[in-house]
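Okay, here's what each chain looks like letter by letter:
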Amino acid sequence: MRLVLAVALVAVAPGWAIVRHLPLDDPLARVVLSVTVGVAVATGVAGFLMYAGWWSPGRAATVLVLVTLGAATAKGHGLRW
Amino acid sequence: MSAAAIVDSRARTVVERGSLAAPGLLLAASVLLWYASVGSIELRAMDDTGLVSVLPPATWVAFVLLTAGFCVALARGAGSALLLSYVVALALMAFGTASVVGETLRGAVVWRHLGVADALVRLGRPDSSIDAYFNWPGFFMLLALVQAVAGADIVALTGRWAPLLFNLLYLAPLVLIARTFTADRVVVWLTCWVFLVANWVNQDYLSPQALAFLSYLVVLAVLLRWFGPGEEASGRRPGLLLAVVAIFAGTVASHQLTPFAILGAVSLLVLARRCSARGLPLVMGLIVAFWLVYPAAPYLNGHLDHLTSGIGSVSSAVGKNVGERVQGSPGHVLVVRVRLLFSLVVWALAAVGALGLWRRRALDLRLALLAVAPFPLLVLQPYGGEMLLRVYLFTLPFASLLVASALASALAAWRPRALRTPVLVGVLSVMVAGFLLTRYGNERMDQFTLLEVATVDRLYDIVPPGGLLVAATGNLPWKARDYERYDYLTAVHLAQTVPPPELARAVEDAMRRRPASALVLTRSQQASAELMGTLPPNALEDLRRHLGGSGRFRLAYANADASIYVLDGAP
């Protein structure tokens, strides 16, 4: 369960929530970008909190959940930016 | 649809199902045979050629069956689902074998990486004065996050299966890249197969390089697919560009080398007017420059001479990447020579593939450029003698596509037709055999036993934080605990300045200078010294004699695989 939670939080959820706004017609590309963008976002959140001196596991997880929820609920599906 | 057409369609489906039953059965049989056979592997019986010296015949048969089934599936026009299943099975067998048979995490560096992540969790900030890892801490921050959310045991589990996990992840962008250049499904799936069996370089363990290589593939896949020369009008570009920049920024924070590989490849595409994201190299260059000037400045200030001394020196690059690697025991030298030969054959076949495409006027310039783009890295920095490995890794996705193209073209022209599949089975089986020898050639030293891990745990119990931990070589599962709280020393390091007869005494002197210290000797250290020839001849035996015969050391802990010595009189 912890493994599923970690993978979802770090490697899938934030990336999926963000990449869904890109009008990609290839499911494989969507999966690939969801994982790599998710990892980049998680790295960025952890890095920001550590360099800012605000690191705590709970804070990092909270920020990632907020990023995911924010991106998932944002309007503009298929946004052309 | 008429009744006759329906009957005809159903009959055709039955025939297709029948023709694909054999590859389906071969797939299941090969995986079952592999799983049943690897359990009997006796790692302690390995010689200096590594895992191949103890692979049971049934495991070899499993790999040949899998290869044969894959070739039959390709020949019979199997669907993507079956071909994907084959490629996944190959990844499982090729990269999962060591994970299945090993007692614990393999590779000393993986233990060190767990230690860096653990230090970040405890410290809560990247202390750039510790070492280079803390100047490029992105990957370790990610690991720290996973550790904080899921626990250290989950990180260790990920570490155990990382090679399989990363290679499965690499396949997705690789398929995207291959599909950009060809619509031929045979070439696409052959590319995946060739990539997996040619990926012997062992850079897919739990490491910044492994994750950065995924970013490398994804960034280039996106640019090739959506930022080609005629893609200016695409509405999805700004969002995708932002995604590319975010992925690249994460890579810059994580790894010293890969950003330069990405930057070089993207710059080459833009210069050749084969990428419409013309401002991207500038943005990427600014991100790299920012990282070097700010977060990584403490490390660069102390190591600038070392980092820049090798620039432009071809002889230094060749010496460190080739000459210094062809040494050690006869078995290890054989493995290294096969690695060099294997890599050269892959590049030569890629050149044949490129030539064939060019003669058919089907060579996409982007493919040729990306296959050669990493080579200038060779004269940039020897990278501790590993640059040739990394260059090979960065060229591999594109070289694999060219090799697959060469194989597909050669097969299409092969007469008689009936021999096409057997020939392909033969070629791919040879590649699989080459992979197993080259990939797992260092396995005698890369695998650790639970007894060795228990010994290292005991070492940290014996020596308090602030103490000095000494070993013959650095090949042991240490540095995973209290990473920044201990000092480390190896006899290999001392041997660079101390004559062999004085080495044991130098080790003792170094320990005496510290209030708390201990020396640990393990099976895997001995294996690494023998394989790589990193210590002078008989140095390890001399050290053991000194420890046992000088009367100034006490055996503090021992088991069948390892022992810990402290200075006599130490607590």
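Let us look at the structure shown here. (Residues numbered from 1 in each chain as written. Chains lettered and ligands numbered in written order. Predicted model: local features only at pLDDT ≥ 70, side-chain atom pairs only at ≥ 80, totals over all residues.)

Now for helix α23 (residues 539-549) of chain B. All names here are of chain B. Listing the buried residues of α23 in full gives Ala539, Leu540 and Leu543. End-on view of α23: buried residues confined to an arc of 100°, all on one side of the axis. Residues of α23 that are exposed and angled more than 90 degrees away from the buried face: Glu541, Arg545, Gly548 and Gly549. Contacts made by the buried residues of α23 are with α20 (491-494), α21 (503-512) and α22 (523-532). (Buried ≥ 20, exposed ≤ 12 C-beta atoms within 10 Å, placed from the backbone. Helix = DSSP H or I, 4+ residues; strand = E, 2+ residues; numbered from the N terminus. Arc of directions from axis to C-beta. Contact = placed C-beta atoms within 7 Å.)

Looking now at the sheet that holds strand β2 (residues 487-490) of chain B. Residue and element names in this part refer to chain B. In space, the five strands of this open sheet follow the order β2-β1-β3-β5-β4, with mixed pairing throughout. The open sheet has two free edges, formed respectively by β2 and β4 (553-558), since each of these has just one partner strand. Strand after strand, the sheet turns through a mean of 25° between neighbouring axes, direction not considered. The pairing of strand β3 (residues 517-522) with strand β5 (residues 562-567) spans four bridges and is classified as antiparallel. When the sheet's bridge partners are listed, leucine 521 is paired in β5 with serine 563. This element, helix α19 (residues 450-462), spans β1 (468-471), β3, β4 and β5 of the sheet and lies at about 20° to β5. (Pairing = 2+ DSSP bridges. Axes fitted to C-alpha atoms, helices over the stretch in contact; angles between N-to-C directions.)

We now examine the packing of helix α3 (residues 57-73) of chain A against helix α5 (residues 138-150) of chain B. At a closest axis distance of 9 Å, the pairing of α3 of chain A and α5 of chain B adopts a crossing angle of 100°. Taken together, α3 of chain A and α5 of chain B sit at an angle that is classed as roughly perpendicular. Between α3 of chain A and α5 of chain B, the contacting residues are Pro57, Ala60 and Ala61 of chain A on the first element and Leu145, Ala148 and Val149 of chain B on the second. Residues that form the contact of α3 of chain A with α5 of chain B fall into these classes: six nonpolar, no polar and no charged. (Parallel < 35°, antiparallel > 145°, perpendicular 65-115°, else oblique. Nonpolar A, V, L, I, M, F, W, Y, C, P; charged D, E, K, R; others polar.)

Once that is clear, we can look at the pairing of β3 of chain B. All names here are of chain B. Of all the six residues making up β3, six are buried; the element is thus mostly covered by neighbouring parts of the structure. Burial along β3 is two-sided: Ser517, Leu519 and Leu521 and Ala518, Val520 and Thr522, pointing in opposite directions, are all buried. With four bridges connecting them, β1 and β3 associate as parallel partners. Note that in β3 the partner of leucine 469 across the bridge is alanine 518.

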